[in-house]
Amino acid sequence: MSVKKCDYEIIFGTPQTNYDKTYEYTRYNTKITFFVNENGSKIFFNRKKDSIEKFQTGTFFKEPIRRLYLINTLRYSKILSHQLCTVKIDNKEYQNIKNPITTIFPTENLSSVPSALANDKMITDLIEHFTLDNTKMTVLNNYLLALGYQNSPSEQFMHFWMAFNGMYGKLKREILRQKRLSTRTYVSENAELKNWRTCFDYDVPDCLFKSQNGWNEINKSNAHDIFKEIINLDEIQEISNVSQFNDSEIQHEISNLLVDKYEEITSISNSFGYLILRMAYYARCDLFHGSKKIHLFSVDTYSRNKVYSFLNVIFKDYLAKQFLDIFINNVLPDKVTSKLEQFI
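Calculation notes
Residues numbered from 1 in each chain as written. Predicted model: local features only at pLDDT ≥ 70, side-chain atom pairs only at ≥ 80, totals over all residues. Heavy atoms only, no water. Helix = DSSP H or I, 4+ residues; strand = E, 2+ residues; numbered from the N terminus. Contact = heavy atoms within 4.5 Å. Pairing = 2+ DSSP bridges. Phe/Tyr/Trp six-rings, centres within 6.5 Å; stacked < 30°, edge-to-face > 60°. Lys NZ or Arg CZ within 6 Å of the ring centre and 35° of its normal. Axes fitted to C-alpha atoms, helices over the stretch in contact; angles between N-to-C directions. Parallel < 35°, antiparallel > 145°, perpendicular 65-115°, else oblique. Left-handed = near helix turned anticlockwise from the far one by under 90°. Nonpolar A, V, L, I, M, F, W, Y, C, P; charged D, E, K, R; others polar. Buried < 20%, exposed > 50% of the residue type's maximum accessible area, 1.4 Å probe, protein only. Polar contact = N/O pair within 3.5 Å; in protein donor to acceptor, adjacent residues only side chain to side chain. Salt bridge = Lys/Arg side-chain N within 4 Å of Asp/Glu carboxyl O. Expected span 1.5 Å × (residues − 1). Core = buried A, V, L, I, M, F, W, Y, C linked by side-chain atoms within 4.5 Å.

On to the side chain of T30, then. Summarising the element assignment, T30 is placed in strand 3 (residues 30-36). Ignoring anything within four residues of it in the chain, the contact list for T30 reads Y25, F45, N46, R47 and F60.

Here you go:
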């Protein structure tokens, strides 16, 4: 006896005559199609007929909507805000159906999602391999959540850092897999995994300190004095994205400042390494450790928010590019393989 099938539609917002884009994926041999538009979107598929009550409790109602949220966020930098939707089953319409998905985003509108993430290749890969409990989605979710906190620099930095942390963990596991080493073997040799922070690369000249020993032995006691001087450099105020480091005098200024302050460092090839690794790490410790002082009110010349805001500018572009390369294009940064021989 054949199972009767029918068409299903889940409609959010205003039904559109023309949609911006169509995406699809297959679940349990059922092709699910998304028709998306900033003002209204629709999910369509054909499967066995259920009552509206049974359909609302099943995964074919909930899981496609999760993916629609992700598509909407990446394409439009905007969270799907509709609390109600319309469901059609075999052309019978059910209105004011409660949206089963909630979100922890603090606002509906995010700061602009970079083009490295808001592209069709990225979106297609994510909806086809959508799993909530994998590293890829953990990193991406923290990154997108950070974009929702554009008015709270400390919260934004916290989620950017967690995305960064998950990303270099992914690199570590991938290299260990390639070299057929167990995590236990590697950790026993490098318990704190300090070196993995230096595995990241970017479209600027070599971002590592030329003296690795000097890097590891920098005195923490005057770190905030250094940050204070860096954050108040005139050139800092002009930086709005990472690419400006290529043309800015800021790298030269920061490099000179670090060489003057630290006897261990005789040369720095690029100040980006200091900002993305050391400065961000200390800022993270200030924010995450319960034993640290909380600065609710700071002098403007060196406020914690000023530091977070600057680091957020760097992280936004940097992490977007790294995510695309590592998780979608499966391209490991060159420094990962070049540094590996020194670590193992």
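As a further point, take the pairing of strand 5 (residues 84-89). Here strand 1 (residues 5-13) pairs with strand 5 via 4 bridges, running antiparallel. Opposite I11, over in strand 5, you have T86 as the bridge partner.

Under the defined criterion, the tally for this structure stands at 17 aromatic pairs. When the centroid spacing of 5.8 Å and the interplanar angle of 50° are considered together, the rings of Y19 and F35 count as tilted. With Y19 in the loop between strand 1 and strand 2 (21-27) and F35 in strand 3, this residue pair connects regions lying 16 residues apart in the sequence. On the basis of an interplanar angle of 65° and a centroid distance of 5.3 Å, the ring pair of W161 and F164 is categorised as edge-to-face. You can see W161 and its partner F164 sitting in helix 5 (residues 153-178), 3 residues apart, about one turn around the helix. One aromatic cluster in this structure is built from Y143, F157, F160, W161, F164, Y308, F315 and Y318. One cation-aromatic arrangement involves R27 over F60; the distance from NZ or CZ to the ring centre is 6.0 Å.

Attention now goes to the sheet that holds strand 5. Taken together, the 6 strands give an open sheet; going across it, the order is 2-3-4-1-5-6, and neighbouring strands pair in antiparallel fashion. Of all the strands in the sheet, just strand 2 and strand 6 (92-98) have a single pairing partner and so form its edges. In this sheet, neighbouring strand axes are inclined to one another by 20° on average, regardless of whether the strands run parallel or antiparallel. As defined by bridge partners, strand 2 adjoins strand 3 across 7 bridges and the pair is classed as antiparallel. Along strand 3, the bridge assignment pairs T22 with F35.

Further remarks concern the packing of helix 2 (residues 59-76) against helix 4 (residues 135-147). Where helix 2 meets helix 4, the closest approach of the two axes is 12 Å, and the angle between their N-to-C directions is 50°. Considering the angle they form, helix 2 stands oblique to helix 4. Both helix 2 and helix 4 take part in a crossing whose hand is left-handed. Across from L70, T73 and L74 in helix 2, the residues of helix 4 making contact are M137, L140 and L144. In terms of residue class, the contact of helix 2 with helix 4 is built from 5 nonpolar, 1 polar and no charged.

Before going further, it helps to examine unusual backbone geometry. The backbone of D90 sits at a positive phi, close to 55°, despite the residue not being glycine. Tracing the sequence through the fold places D90 in the loop between strand 5 and strand 6. Residue classification places D90 among the partly exposed residues on the basis of a relative accessible area of 33%.

Before going further, it helps to examine the environment of E93. Assignment of secondary structure puts E93 in strand 6. Residues E93 and E9 lie 84 residues apart in sequence; the distance between their C-alpha atoms is 9.1 Å. If we skip the residues at most four places from it in the chain, E93 touches T86, V87 and K88. A polar atom in the side chain of E93 sits 2.7 Å from the side chain of Q95.

Going through the model one piece at a time under the given rule, you end up with 12 salt bridges. Between K21 and D120 there is a salt bridge, with its nearest N and O atoms 3.3 Å apart. Placement of the pair is K21 in strand 2 and D120 in helix 3 (residues 120-128), with a sequence separation of 99 residues. When its relative accessible area of 29% is taken as the criterion, K21 is described as partly exposed. Using a relative accessible area of 33% as the deciding quantity, one classes D120 as partly exposed. Among the charged side chains, a network of salt bridges with common partners joins K21, R75 and D120.

The next point concerns helix 2. For the α-helix, the turn length of 3.6 residues means that residues three or four positions removed from each other point alike. For helix 2, with 18 residues, the first-to-last C-alpha span of 25 Å sits near the 26 Å given by 1.5 Å per residue. In terms of burial, helix 2 is largely enclosed, as 14 of its 18 residues are buried. Directly beyond the C-terminal end of helix 2, a positive phi value near 50° is found at S77.

Attention now goes to the nonpolar core. F34, F55 and F315 are the most contacted members of the largest nonpolar core, which has 87 residues in total. In terms of residues, this core owes the most to one element, helix 11 (residues 304-328), which gives 14 residues. When near neighbours in sequence (up to four residues on either side) are disregarded, F55 contacts Y8, I10, F45, D50, F60, F61, V87 and I89.

Let us look at the packing of helix 3 against helix 11. Helix-helix packing: each pair is described by the crossing angle between the helix axes and the interaxial distance. Where helix 3 contacts helix 11, the axes come no closer than 12 Å and their chain directions differ by 50°. The angle between the axes of helix 3 and helix 11 places the two elements in the oblique class. Between helix 3 and helix 11 lies a crossing of left-handed hand. For the pair helix 3 and helix 11, contact is made by K121, M122 and D125 and by F323, L324 and I328, respectively. Partitioning the contact of helix 3 with helix 11 into residue classes produces 4 nonpolar, no polar and 2 charged.

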